Amino acid sequence: MYLHYVFDLWVEVWRKKVAKGDVIVVRYADDLVVGFQYRTDAERFLQQFPERLAKFGLELHADKTRLIEFGRFAARDRKYRGEGKPETFTFLGFTHFCGQLNSSRAFIVWRITAKKRMVAKLKAIKAELPTPEASSHSRGWCMASDSCAGILPIPWSSR
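The rules behind these values
Along each chain, numbering runs from 1 in the same order as the chain's sequence is written. Per-residue local features of the predicted model are confined to residues with pLDDT of at least 70, and side-chain atom pairs are confined, for both listing and counting, to 80 or more; whole-chain, interface and lining totals are unaffected and use all residues. For side-chain calculations, the full set of non-hydrogen atoms in the structure is used, while hydrogens and water are omitted. Here is the rule: rings of Phe, Tyr and Trp (six-membered ring for Trp) pair when centre to centre is within 6.5 Å. Planes less than 30 degrees apart are stacked, more than 60 are edge-to-face, and the remainder are tilted. Under the scheme used here, helices are H or I runs from DSSP no shorter than 4 residues and strands are E runs no shorter than 2 residues, and both carry numbers assigned from the N terminus. Per-residue accessibility, obtained with a 1.4 Å probe over protein chains only, is compared with the maximum for each type, and a residue is labelled buried under 20%, exposed over 50%, and partly exposed between these values. pLDDT expresses how confident the predictor is about each individual residue, on a scale running from 0 to 100. We call two residues in contact when some of their heavy atoms are within 4.5 Å. The definition of a nonpolar core used throughout is a set of buried Ala, Val, Leu, Ile, Met, Phe, Trp, Tyr and Cys residues joined through side-chain atoms within 4.5 Å. As used in this structure description, the phrase polar contact means that two N or O atoms lie within 3.5 Å; if the pair is within protein, one of them must be able to donate a hydrogen and the other to accept it, and residues adjacent in sequence are counted only when both atoms belong to side chains. When DSSP finds two or more bridges between two strands, those strands count as paired. Only the contacting stretch of a helix is used when fitting its axis, a line to C-alpha atoms as for every element, and angles between N-to-C directions run 0 to 180 degrees. Think of a 1 Å grid over just the protein atoms. A cavity is a set of points where a 1.4 Å probe fits yet cannot get out, a pocket is an open set with protein on both sides within 12 Å along at least five of seven lines, and lining residues have an atom within 4 Å of a point. Grid points are joined across faces, edges and corners, and a volume is the space filled by probe spheres set on the points. Lys, Arg, Asp and Glu make up the charged group, whereas Ala, Val, Leu, Ile, Met, Phe, Trp, Tyr, Cys and Pro make up the nonpolar group; the residues left over, Gly among them, are polar.

**Points about the packing of aromatic side chains**
What characterises a pair of aromatic rings is the spacing of the ring centres plus the angle enclosed by the ring planes.
Next, step 1: In the structure shown here, the tally under the stated rule is 10 aromatic pairs.
Next, step 2: Taking the centre distance of 5.2 Å and the plane angle of 65° together, the rings of Phe7 and Phe49 count as edge-to-face. Taken together, the residues span a long stretch of sequence, with Phe7 in helix H1 (residues 2-17) and Phe49 in helix H2 (residues 39-54) at a distance of 42 residues.
Next, step 3: A relative accessible area of 0% means that Phe7 is categorised as buried.

**Topic: the confidence of the model for the chain**
Next, step 1: Scored by pLDDT, the chain has a mean of 81; 81% of the residues are at 70 or more.
Next, step 2: When the criterion is pLDDT under 50, residues 145-159 qualifies, and its contacts beyond four places in sequence or with other chains add up to 38 contacts.

**Let's talk about the nonpolar core**
Next, step 1: Listed in full, the 12 residues of the largest apolar core are Leu3, Val6, Phe7, Trp10, Val11, Trp14, Ala19, Val23, Val34, Phe45, Phe49 and Leu53.
Next, step 2: Elements represented by at least two residues in this core include exactly H1 and H2.
Next, step 3: No other element matches H1, which puts 6 residues into this core.
Next, step 4: Leaving out residues up to four positions away in the same chain, Leu3 has contacts with Asp8, Arg27, Ala29, Asp30 and Leu58.

**Notes on the side chain of Asp8**
Next, step 1: Tracing the chain through its elements places Asp8 in helix H1.
Next, step 2: For Asp8, the side chain forms a polar contact with the side chain of Arg27, separated by 2.6 Å.
Next, step 3: Apart from the residues lying within four places of it in its own chain, the contact partners of Asp8 are Leu3 and Arg27.

**Details of the sheet that holds strand E4 (residues 94-100)**
Next, step 1: Within the open sheet, the 3 strands sit side by side as E3-E4-E5. Their pairing is antiparallel. Of all the strands in the sheet, just strand E3 (89-91) and strand E5 (107-113) have a single pairing partner and so form its edges. Recorded for the sheet is a direction-independent mean angle of 40° between the axes of neighbouring strands.
Next, step 2: Two elements, E4 and E5, share 7 bridges in a ladder whose sense is antiparallel. Each bridged residue has a counterpart across the sheet, and for Phe97 the counterpart in E5 is Trp110.

**Structural notes on the layout of surface pockets**
Next, step 1: Of the pockets and cavities examined, the largest pocket occupies roughly 2,000 Å³.
Next, step 2: Around the largest pocket, the lining comprises 47 residues; the ones closest to its centre are Leu32, Val33, Val34, Gly35 and Arg66.
Next, step 3: Elements represented by at least two residues in the lining of the largest pocket include exactly H1, strand E1 (23-28), strand E2 (31-36), H2, helix H3 (74-80), E3 and E5.
Next, step 4: Listed by contribution, the elements that provide at least two residues to the lining of the second largest pocket are H3 and E4.
Next, step 5: Looking at the lining of the second largest pocket residue by residue, the class counts come to 5 nonpolar, 5 polar and 4 charged.

What follows is the structure, given as structure tokens:
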């Protein structure tokens, strides 16, 4: 509720009065991603948003806050400048990156489970699996299903 007043209402006014292009906001609790049509809008926002937060005794996490080029033309523009592939970002446990559909070459945002989250989930699954010594089966497969990993076959053996 607090960020509703600190951020949501403020960004709606900022979008209408300050931004020159489109602004897209995705917020879940205190995590957010803001997309801009124009780099100048993004730079202006990145200057003004910390000032807004400071009025309420809040601040951005420096390690998690950055300006990246992302979107439909990012790959083409970066390639032209010799900068390689567009950067990725992690939001809500998923790493987001620029991609294209194979058939139509249309732009799409691809998402994969963030490596940190995947490793933690696999360790948790492994901890719950029976050890080979505790099983009466000589060899088998255990199926673990998880929303972030899909269906994951985990081989085990008592040898």
